[in-house]
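Chain by chain, the residues run as shown.
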Amino acid sequence: MFITGLGTATPTRRYTQLQCWEALAASEQFARLTTRSRAILKKVLAGKNGIASRHLALEPLTEAFDICPDTLMARFTRHAPVLAEQAARRALAEAETAVDQIEALLISTCTGYLCPGLTSYVGERLGLRNDVLALDLVGQGCGAALPNLRTGASLLQSGQANRVLSVCVEICSAAFYLDDDPGVLISACLFGDGAAAAVLSATPQPGTRRVEWKTAGSLHSPKERDFLRFESKGGMLRNVLSPSVPALAARHARTVFDEVSARCAVKQEDIAGWILHAGGRDVLNALCETFSLGEEKIEASSRILEEYGNLSSPFVLFALQFALGSGLRGGKWWCSSFGAGFSCHGALLEVA
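Q: Which parts of the structure should I look at to understand the overall build of the chain?
A: Looking only at helices and strands, the chain features eleven helices and 13 strands. Taken over the C-alpha trace, the chain has a radius of gyration of 19 Å; the compact-globule value for 352 residues is 20 Å, and the two agree within 12%. Along the first, second and third principal axes, the C-alpha atoms of the chain reach 55 × 45 × 35 Å. Scored against the burial criterion, the 352 residues of the chain give a buried share of 57%. Taking the contacts inside the chain whose residues are at least 6 apart along the sequence as the reference set, 79% of them involve residues at least 24 apart. Split by element, the accessible area of the chain, about 14,500 Å² in all, is 50% carbon and sulfur.

Q: Is there a simple way to think about the environment of L61 in this case?
A: In this structure, L61 sits in the loop between β3 (53-55) and α4 (69-95). Judged by relative accessible area, L61 falls into the buried class, the value being 13%. With 190 residues separating them in the primary sequence, L61 and R251 have C-alpha atoms 37 Å apart. If we skip the residues at most four places from it in the chain, L61 touches Y15, Q19, C20, A23 and L56.

Q: Help me out: how do you make sense of helix α6 (residues 145-157) in this one?
A: Side chains three or four residues apart in an α-helix point the same way, a direct result of the helix having 3.6 residues per turn. If you check α6, its first and last C-alpha atoms are 18 Å apart, about what 13 residues at 1.5 Å a residue would give, namely 18 Å. A145, L146, P147, N148, L149, G152, A153, L155 and L156 are the residues of α6 that are buried. In the segment just after α6, G159 is the residue with positive phi, at about 80 degrees.

Q: Could you clarify how one ought to interpret the side chain of H277 in this entry?
A: Among the structural elements, H277 can be located in the loop between β11 (271-276) and α9 (281-291). Other than its neighbours up to four places away in sequence, H277 contacts C142, V283, L287, N310, S312, F315, V316, S336, S337 and F338.

Q: How should helix α5 (residues 118-126) be read in this particular structure?
A: Of the residues making up α5, those classed as buried are L118, T119, V122, G123 and L126. One side of α5 holds all its buried residues, which, seen down the axis, span an arc of 120 degrees. On its buried face, α5 sits against α4, β4 (104-109), β5 (133-138) and β6 (163-170). Following α5 by one or two positions, G127 has its phi on the positive side, about 80 degrees.

Q: Which parts of the structure should I look at to understand the nonpolar core?
A: Note that soluble globular proteins tend to have their nonpolar side chains buried in a common cluster. Judged by nonpolar contacts, the single largest core of 94 residues is most densely connected at W213 and W333. Setting aside chain neighbours within four positions, we find W213 in contact with M1, L146, L149, R150, A153, A347, L348 and L349.

Quick notes on the rules
- Residues numbered from 1 in each chain as written.
- Predicted model: local features only at pLDDT ≥ 70, side-chain atom pairs only at ≥ 80, totals over all residues.
- Heavy atoms only, no water.
- Helix = DSSP H or I, 4+ residues; strand = E, 2+ residues; numbered from the N terminus.
- Rg over C-alpha atoms; globule rule 2.2 N^0.38 Å.
- Buried < 20%, exposed > 50% of the residue type's maximum accessible area, 1.4 Å probe, protein only.
- Contact = heavy atoms within 4.5 Å.
- Areas by Shrake-Rupley, 256 points an atom, 1.4 Å probe, with all protein chains shown as cover.
- Expected span 1.5 Å × (residues − 1).
- Arc of directions from axis to C-beta.
- Core = buried A, V, L, I, M, F, W, Y, C linked by side-chain atoms within 4.5 Å.

See the structure below:
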């Protein structure tokens, strides 16, 4: 399988972390939080945590404090199809692929629920064929991009499709929640909104960098499910984020890499590019320590985290697009994502 086109999209409005802090400090909800909770928010938003800004589907920013089920659902319904379409059109343009050539549409999300799913709305907006295979993949959290791509690879390898459109879209601002739980508070400070899309083909696209999907692996640890997941409270999604997540992500990422690299007879020193999901600064630091990576090795992930925050499932595709555009040398690249489950995924790419 080859990734022949990539596209990304974000809401127009971009807010600095300081703007978020100032708006939060002036809100009625802030006054209801404990002194400890206020201190956590100030430390994360006003301090140096690896994130400078986030794109949010909020106009104005104070919409973030209108936390009720109907408002949040309306935000997801309004923005998710639009961002998914924008990212998809950009990926199709880069791949020089017409919409009627797409035979399967795969969309991953975890920040909202529609029935029929997003594939119905995005397929309609794009004008895809009415016989397209449409699969909505939900519940995989931040790690969803790689299982999505792996599903596309299976469709291509089995001959059921010649071109697949893979999309990840998250309106994280439609899942913001505020209470005195530290994990909930930190989540509200880390996540941003965005979509990313990839055109997948059985053959490479001439004239562009050749990105070949070689193989992949996954690890699932249900016993650690409660460390990172959504729960429903008051009719709204509430993120559960344990302090254990950085160490868990790093440990499982190492396990997946070791399994896949052993299967392919690839050594760590053979990896020229590292495309890592960055849940936050602490997660990225834990991954660097586990793999003994210097700052220069993780530039794509750290730059995307700085400008966009944690985008959840689209993050690794944003980082891959950045790395491809940065002139990073070709060779074997390793992609890694993790998320709810607790799950971790990895993929080996060959880039030329």
